[in-house]
Amino acid sequence: AGFLFWEVIDLVRKLFLASLVLFLDPEHGSSNMQRLFFATLLSGFYLVVLAFARPFKRSEDLYFAGTANFFLMCCFASG
């Protein structure tokens, strides 16, 4: 019951990666590289917070979530 807020954190991360990063408008000087940079930065930050918070009861779930987020971060970093 101590990590019920984790769902909210994960939802905000997904919302940012799916839609809010599109608000970095190319007409005002941002580029696709800047969008990828912010998405990579957010994924890396989330991975660090995930590693320290350890919000899952089973360690397998934590390893799966960490691995999935690491590969997502690699996809963003590779462009």
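Right above here is the structure, for reference.
Computed from a predicted model, the values in this text were never measured in an experiment.

1. Some points on a nonpolar patch on the surface
Thinking step 1. The grouping of Phe3, Phe5 and Ile9 at the surface amounts to a nonpolar patch, some 250 Å² of accessible area in total.
Thinking step 2. Examined against the element boundaries, Ile9 turns out to sit in helix H1 (residues 6–18).
Thinking step 3. What makes Ile9 partly exposed here is its relative accessible area of 32%.

2. Details of the environment of Asn32
Thinking step 1. Its place among the elements puts Asn32 in helix H2 (residues 32–53).
Thinking step 2. Under the relative-accessibility criterion, Asn32 is labelled exposed at 54%.
Thinking step 3. Placed ten residues apart in sequence, Asn32 and Leu22 show a C-alpha to C-alpha distance of 9.4 Å.

3. Some thoughts on the packing of aromatic side chains
We describe a pair of aromatic rings using the distance from one ring centre to the other and the angle between the two ring planes.
Thinking step 1. By the definition in use, this model includes three aromatic pairs.
Thinking step 2. When the ring of Phe70 is compared with that of Phe71, the centres are 5.9 Å apart and the planes differ by 55 degrees; the resulting orientation is tilted.
Thinking step 3. One Lys or Arg, Arg13, reaches over the ring of Tyr46 and ends 4.3 Å from the middle of that ring.

4. Quick look at the environment of Phe45
Thinking step 1. Within the secondary structure, Phe45 is located in helix H2.
Thinking step 2. Along the sequence, Phe45 and Met73 sit 28 residues apart, while their C-alpha atoms lie 10.0 Å from each other.

5. Some details on the packing of H1 against H2
Helix-helix packing is characterised by the crossing angle of the two axes and by the distance between the axes.
Thinking step 1. Running from N to C, H1 and H2 point in directions that differ by 165 degrees, and their axes come no closer than 10 Å. For the element pair H1 / H2, the angle class is roughly antiparallel. For the crossing formed where H1 meets H2, the hand is left-handed. Only Phe38, Ala39, Leu42, Ser43, Tyr46, Val49, Leu50 and Ala53 of H2 make contact with H1, whose side of the interface consists of Trp6, Ile9, Asp10, Arg13, Phe16 and Leu17.

The rules behind these values
- Residues numbered from 1 in each chain as written.
- Predicted model: local features only at pLDDT ≥ 70, side-chain atom pairs only at ≥ 80, totals over all residues.
- Heavy atoms only, no water.
- Patch = residues over 30% accessible without salt bridge, like charges linked within 9 Å, V, L, I, M, F, W, Y side chains within 5 Å.
- Areas by Shrake-Rupley, 256 points an atom, 1.4 Å probe, with all protein chains shown as cover.
- Salt bridge = Lys/Arg side-chain N within 4 Å of Asp/Glu carboxyl O.
- Helix = DSSP H or I, 4+ residues; strand = E, 2+ residues; numbered from the N terminus.
- Buried < 20%, exposed > 50% of the residue type's maximum accessible area, 1.4 Å probe, protein only.
- Phe/Tyr/Trp six-rings, centres within 6.5 Å; stacked < 30°, edge-to-face > 60°.
- Lys NZ or Arg CZ within 6 Å of the ring centre and 35° of its normal.
- Axes fitted to C-alpha atoms, helices over the stretch in contact; angles between N-to-C directions.
- Parallel < 35°, antiparallel > 145°, perpendicular 65-115°, else oblique.
- Left-handed = near helix turned anticlockwise from the far one by under 90°.
- Contact = heavy atoms within 4.5 Å.

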